[in-house]
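Close look at the chain arrangement
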Amino acid sequence: MLRILAWMFGAAMIVTVAVFVYVAIYVGGLARDLPDYEVLAEYEPSVTTRVHAGDGSLIAEFARERRIYVPHEAIPPNLKQAFLSAEDKNFYTHGGVDFKGVVRAAIANVGNYMNDRRLEGASTITQQVAKNFLLTSDQKLDRKVKEALLAFRIEKAFEKEEILELYLNEIYLGFGSYGVAAAALNYFNKSLDDLTIAQMAYLAAVPKAPSNYHPIRQTDRAIARRNWVIERMAVNGYMTAQEMVEAQAEPLEVTPRRRGAQTAEVEYFVEQVRRRVYDIYGEKSLYDGGLSVRTTIDTTLQSYAVKALRDGLIAYDQKHGWRGPVSNIALDEGEVDGKDWMEQFRELKVPTDQAPWKPAIVLEALDETAIIAFRDGTPNNIIPLKAMEWARPWLAGQRISSTKVTATFDVLKRGDVIMVEPIYEVPVVPEPDEPVLDPDLADLVEYANPEEAITPVLVEETRFEEEVDMTPQLAHYALRQIPDVNGAIVAIDPHTGRVLAMSGGFSFELSEFNRATQAQRQPGSSFKPFVYAAALDRGYTPSSLVLDAPFVIDQGANQGWWKPSNYGQSFNGPSTLRLGIEKSKNVMTVRLAQEIGMEPIVENARLFGIDDHMLPVLSMALGAGETTLYKMTTAYAELVNGGKKITPTLIDRIQDRNGKTIYRHDQRDCEDCNVEVWERQAEPFLTDDRAQVMDPRTAYQVVSMLEGVVLRGTGRTIRTVGKPIGGKTGTTNDQKDAWFVGFSADLAVGVFIGFDTPKPMGRSATGGGVAAPVVRDFMQAAIGDKPAVPFRTPEGIRLVRINRDTGLLARSGDRAVILEAFKPGTEPTNEAPEVIGGGHLSGHGEGSTELESGTGGLY
């Protein structure tokens, strides 16, 4: 027996040694293949790139993994305690592997395996760091052993707080959030310091399975898991029992943040910024680099610009009538593909970036009202007839119908899906503790439908301590329509080139095409100032006379005759350059271009960045080439700033994840700008390194003439702003494009309106009638309440009193007298002036337009 026992003991020892040797060889082999854990010291996670407005407010984020990296010192202790309670309560005492936890999980997993349940893990936070950073997520023994080995090494190389920092910044927490800082923003729109204990506990509850604890789709399960974490925190001594009860009673309310642009108002601008950053630094830096981009946008001006453009597009669209509903759903034909009409309505795709507009469905169209419902099922909202009187039938060719809307069923029918805007919403009345229905108020039962087709609304009176107006009301809405026409608006600081506002269309959701920067359109008469500027640079003055009479030219090579004409087919005879630009005279402009030649005009187009390859043909003087609103607005900014070249920019500076500035638009050095203490030294001086592309005197003469366009010419609708503003209308053939580009002394703004596929907008759709009102509304909001700033007069300009009709020196009794800008030596005299295209003018005074000699302007 002793020999048998001795043999068995020896065999056991041999097996034990063999197993030990095998395990040692196995572990040693795995150890040799372990990744380098020291790379954790140089860890740079994928971090969200954040885009800020000029005032510092966040306007957009770009990321593949939405993460905001925070050091452990900035993480609240309560948040750390919540994660330790949920994931690794012995974190500060174990050496990387929690052996007690391993035994506990092994025992529990026997039952889990027998009951076909998911096996529990016993990984510590350190092991999770090893897995997340250095290993895969494969459920294999090799990976678990490597994970444990790495955990031991990590614990020896890093402090506990450093390990916890890596973990809390790397883990995925649902809602597209990587790390606790991003999760706090994405779930609750809060910084870490502003989170409640309950909110911290919810974040700690999520890592186990984010989709299983979704706060909206799995609310009950999410609350149960959160409350378990809160209980664990109390058990571990991180809070009192009373604090636990209060935290568990807190409702789980989330406020998900938008991806990309944070508001619909800035989407076109933000997309342009994204493209620019991508071009400079590439895709990885944009989406993973954690850049901080400070843009030029002024959020106040941006809201003004978006509203002005939207209002202008809606005004044009409504003027031309109702094109029909978004869709129609048969309300009385039962289910379609297993879906009732409300499910069909909810699934219908409509724009969501047009707040306060929202989709509605017509339940009944009566004489004076239409009854509508919304996707949340709210019934008994109405559209009164007055709120849809604009909805005359649309006519082909953008003609305007004379038919009047006399009943709502002229426009709508049952089942129509439409867009509406609230014009009166029923006030929200606070609920009392004990509502009391007064039985004597039966007459306050108001029927939404007199024919009782809809369930009546019972307005109950309730007694409150404070008196509340209980007048029964129905919410009133106005019929709206997504415009078929589109457009863009751009506002630029003329001195720096900073783009202060930009909107590239009515709806970014419907079309991401940016009509401010991407649409190549004919500028029409808005190009004329650069023709007149070329003439002023060659000795002409604003008082020089050009014959305004029919003009015909043989185009040669069997191309026929070209006969440009004025809008309205009216001619004024010999007229000043000022009148020609104020009234936008096409024939005068062509005749002037022929006189000075196209070469200086083409050069102006190049210098001002309008068109680098303009053809030297006369039609180009009338804006027959193509350019963008962005370029035209920049060119006008260079006129009002005195002829200085600017580079338009959407970005002021870019910083890397560590706060180092890696891009700056303004490259000028300013050594004195960073002085920490003011010791009565002079203010810093910055050199003006802008190139001079035009004689500042010429630029001022053009600006003065363009101010006349607003005061007396085609842009006079803007005169109501009551501030010094200049600008020029532009309308192309058949009214396919409508422009107005203008400026105050410190703000340049351009507007373009037209169909994306060019087609006539109708006879009255001119730059002055369609685009100018948008500029007017924007300028009224932007500078209407600010002190008037006159245009700055450069040195070398003489202001002379002249008769603006004749261009001659003013005499006593003249009525049309203005101060005209002249370069020294070019002031008018009382001699008969030469008329371009006609000879000399005889006589003096208003209406004196008789020519002494000349051909009458026929070429």
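Residues numbered from 1 in each chain as written. Predicted model: local features only at pLDDT ≥ 70, side-chain atom pairs only at ≥ 80, totals over all residues. Heavy atoms only, no water.

Attention shifts here to the overall build of the chain. Counting its regular elements, the chain contains 20 helices and 29 strands. For the chain, contacts bridging at least 24 residues in sequence account for 70% of all contacts bridging at least 6. If you sum the accessible surface of the chain, you get close to 42,600 Å²; carbon and sulfur atoms cover 51% of it. (Helix = DSSP H or I, 4+ residues; strand = E, 2+ residues; numbered from the N terminus. Contact = heavy atoms within 4.5 Å. Areas by Shrake-Rupley, 256 points an atom, 1.4 Å probe, with all protein chains shown as cover.)

Our next topic: the packing of aromatic side chains. Two measures describe an aromatic ring pair: the distance that separates the ring centres and the angle between the ring planes. Scanning the entire structure with this criterion turns up 19 aromatic pairs. Three or more aromatic residues joined by ring pairs form one cluster here, namely Phe527, Phe530, Phe608, Tyr636, Phe743 and Phe791. Positioned over the ring face of phenylalanine 755 is lysine 759, at 4.6 Å from the centre of the ring. (Phe/Tyr/Trp six-rings, centres within 6.5 Å; stacked < 30°, edge-to-face > 60°. Lys NZ or Arg CZ within 6 Å of the ring centre and 35° of its normal.)

Here the structure, examined in full by the defined rule, presents 37 salt bridges. With a closest N to O distance of 2.7 Å, lysine 307 and aspartate 311 form a salt bridge. You can see lysine 307 and its partner aspartate 311 sitting in helix H12 (residues 299-319), four residues apart, about one turn around the helix. For lysine 307, a relative accessible area of 52% puts it in the exposed group. Classification of aspartate 311 as partly exposed rests on a relative accessible area of 33%. Note that arginine 578 and glutamate 582 form a salt bridge whose closest N and O atoms lie 3.1 Å from each other. In this pair, arginine 578 and glutamate 582 both sit in helix H15 (residues 577-582), four residues apart, roughly one turn of the helix. Just as arginine 578 is buried, glutamate 582 falls in that class too. (Salt bridge = Lys/Arg side-chain N within 4 Å of Asp/Glu carboxyl O. Buried < 20%, exposed > 50% of the residue type's maximum accessible area, 1.4 Å probe, protein only.)

Here serine 544 shows up in the loop between helix H14 (528-536) and strand E17 (545-548). Note on serine 544: relative accessible area 15%, which makes it buried. Ignoring any residue separated from it by four or fewer positions in sequence, one finds serine 544 in contact with Ser575, Thr576 and Leu577.

On to the state of the cysteines, then. Counted under the stated rule, the structure contains one disulfide. With its sulfur 1.8 Å from that of its partner, cysteine 670 forms a disulfide with cysteine 673. Every disulfide takes its handedness from the sign of the S-S torsion; for cysteine 670 and cysteine 673 that torsion is 75 degrees, giving right-handed. Taking relative accessible area as the criterion, cysteine 670 reaches 18% and is therefore assigned buried. What makes cysteine 673 partly exposed here is its relative accessible area of 42%. (Disulfide = S-S within 2.5 Å.)

Let's shift gears to helix H18 (residues 629-640). For H18, which comprises twelve residues, the first-to-last C-alpha distance of 17 Å matches the rise-based estimate of 16 Å (1.5 Å per residue) to within 8%. Counting buried positions over the twelve residues of H18 gives eleven, a clear majority of the element. All buried positions along H18 are accounted for by Leu629, Tyr630, Met632, Thr633, Thr634, Ala635, Tyr636, Ala637, Glu638, Leu639 and Val640. Downstream of H18 by a residue or two, glycine 642 has a phi angle that is positive, lying close to 95 degrees. (Expected span 1.5 Å × (residues − 1).)

Another point: helix H11 (residues 267-288). The terminal C-alpha atoms of H11, which comprises 22 residues, lie only 21 Å apart, well short of the 32 Å expected from a rise of 1.5 Å per residue. At glycine 282, H11 is bent by approximately 120 degrees, the largest bend along its length. Burial in H11 covers these residues: Glu267, Tyr268, Phe269, Val270, Glu271, Gln272, Val273, Arg274, Val277, Leu286, Tyr287 and Asp288. Just downstream of H11 lies glycine 290, where phi reads positive at about 65 degrees. (Bend = angle between axes of the 7 residues up to and from the residue.)

In the contact formed by helix H2 (residues 77-87) and helix H9 (residues 219-235), the axes pass within 9 Å of each other and the chain directions differ by 100 degrees. In terms of their interaxial angle, H2 and H9 are classed as roughly perpendicular. Between H2, through Asn78, Gln81, Ala82, Ser85, Ala86 and Glu87, and H9, the contact on the second element is made entirely by Arg225, Trp228, Val229, Arg232 and Met233. Of the residues that constitute the contact of H2 with H9, the class distribution is five nonpolar, three polar and three charged. (Axes fitted to C-alpha atoms, helices over the stretch in contact; angles between N-to-C directions. Parallel < 35°, antiparallel > 145°, perpendicular 65-115°, else oblique. Nonpolar A, V, L, I, M, F, W, Y, C, P; charged D, E, K, R; others polar.)

This brings us to unusual backbone geometry. Proline 356 follows alanine 355 through a cis peptide bond whose omega is 10 degrees. At glutamine 398, a residue that is not glycine, the phi angle is positive and equals roughly 55 degrees. Examined against the element boundaries, glutamine 398 turns out to sit in the loop between strand E10 (381-384) and strand E11 (416-424).

Bringing the pairing of strand E15 (residues 486-492) into the picture now. Most of E15 is tucked away, with seven of its seven residues classed as buried. The alternating pattern of E15 places Asn486, Ala488, Val490 and Ile492 on one face and Gly487, Ile489 and Ala491 on the opposite face, and all of these are buried. Pairing analysis gives seven bridges linking E15 to strand E25 (residues 747-754), with the strands arranged antiparallel. Each residue of the ladder has a partner; that of isoleucine 492, found in E25, is alanine 748. Where E15 folds back onto strand E16 (residues 499-503) in an antiparallel hairpin, the turn is made up of six residues, including glycine 497, whose phi is positive at roughly 85 degrees. (Pairing = 2+ DSSP bridges.)

All right, on to the sheet that holds E16 then. Pairing between sheet strands relies on hydrogen bonds along the backbone, with the strands arranged either parallel or antiparallel. The strand order E16-E15-E25-E24-E23 describes an open sheet built from five strands, whose pairing is antiparallel. The open sheet is flanked by E16 and strand E23 (726-731), the only strands paired with a single partner. Strand-to-strand twist across the sheet, computed as the mean angle between neighbouring axes with direction ignored, equals 5 degrees. Examined bridge by bridge, E23 and strand E24 (residues 738-744) share six bridges and lie antiparallel to one another. Within E24, the residue paired with glycine 727 across the bridge is glycine 742. Against the sheet, H12 engages E15, E16 and E25, with an angle of about 30 degrees to E16. Where H18 meets the sheet, its contacts fall on E15, E16, E23, E24 and E25, and the angle it forms with E24 comes to roughly 30 degrees.

Mean pLDDT for the chain: 85, with 84% of residues reaching 70 or above. Scored below 50 in pLDDT, residues 429-472 shows 47 contacts in the model against residues more than four places distant or in partner chains. Contacts for the low-pLDDT stretch residues 841-859, under 50 throughout, to residues beyond four places or in other chains number 54 contacts. (pLDDT = per-residue confidence, 0-100.)

Counting residues in each nonpolar core, the largest one holds 83 residues, and the members touching the most others are Ile59, Phe530 and Leu577. With sequence-adjacent residues up to four places away left out, leucine 577 is seen in contact with Tyr532, Ala535, Leu536, Tyr540, Thr541, Pro542, Ser544, Val546, Leu592 and Met705. Ile68, Leu173, Ala201 and Tyr213 belong to the second-largest nonpolar core, a separate cluster that totals 51 residues. (Core = buried A, V, L, I, M, F, W, Y, C linked by side-chain atoms within 4.5 Å.)

A cluster of nonpolar side chains, namely Met1, Leu2, Ile4, Leu5, Trp7 and Met8, defines an oily patch on the protein surface of about 780 Å² accessible area. In this fold, leucine 2 is placed in helix H1 (residues 2-32). Classification of leucine 2 by relative accessible area gives exposed; the value is 72%. (Patch = residues over 30% accessible without salt bridge, like charges linked within 9 Å, V, L, I, M, F, W, Y side chains within 5 Å.)

With that out of the way, let us pick up the side chain of serine 584. Take serine 584: it is sitting in the loop between H15 and helix H16 (586-596). Looking at serine 584, its side chain comes within polar contact range of the side chain of lysine 728, at 2.9 Å. Among all residues touching serine 584, those that are not within four sequence positions of it are Ser525, Lys528, Leu579, Thr714 and Lys728. (Polar contact = N/O pair within 3.5 Å; in protein donor to acceptor, adjacent residues only side chain to side chain.)

On to the environment of glutamate 582. Classification of glutamate 582 by relative accessible area gives buried; the value is 4%. A C-alpha to C-alpha distance of 9.6 Å links glutamate 582 and arginine 716, two positions 134 residues apart in sequence. With residues up to four places along the chain from it excluded, the contact list for glutamate 582 reads Met705, Gly708, Val709, Arg712, Gly713 and Thr714.

Here the focus is the packing of helix H8 (residues 197-205) against H9. Put simply, H8 and H9 touch, their axes get as near as 8 Å, and they point 110 degrees apart. With respect to H9, the axis of H8 lies roughly perpendicular. Along the contact surface, H8 presents Ile197, Ala198, Ala201, Tyr202, Ala204 and Ala205, while H9 presents Ala222, Arg225, Arg226, Val229, Ile230 and Met233. Considering only residue class, the contact of H8 with H9 consists of ten nonpolar, no polar and two charged.

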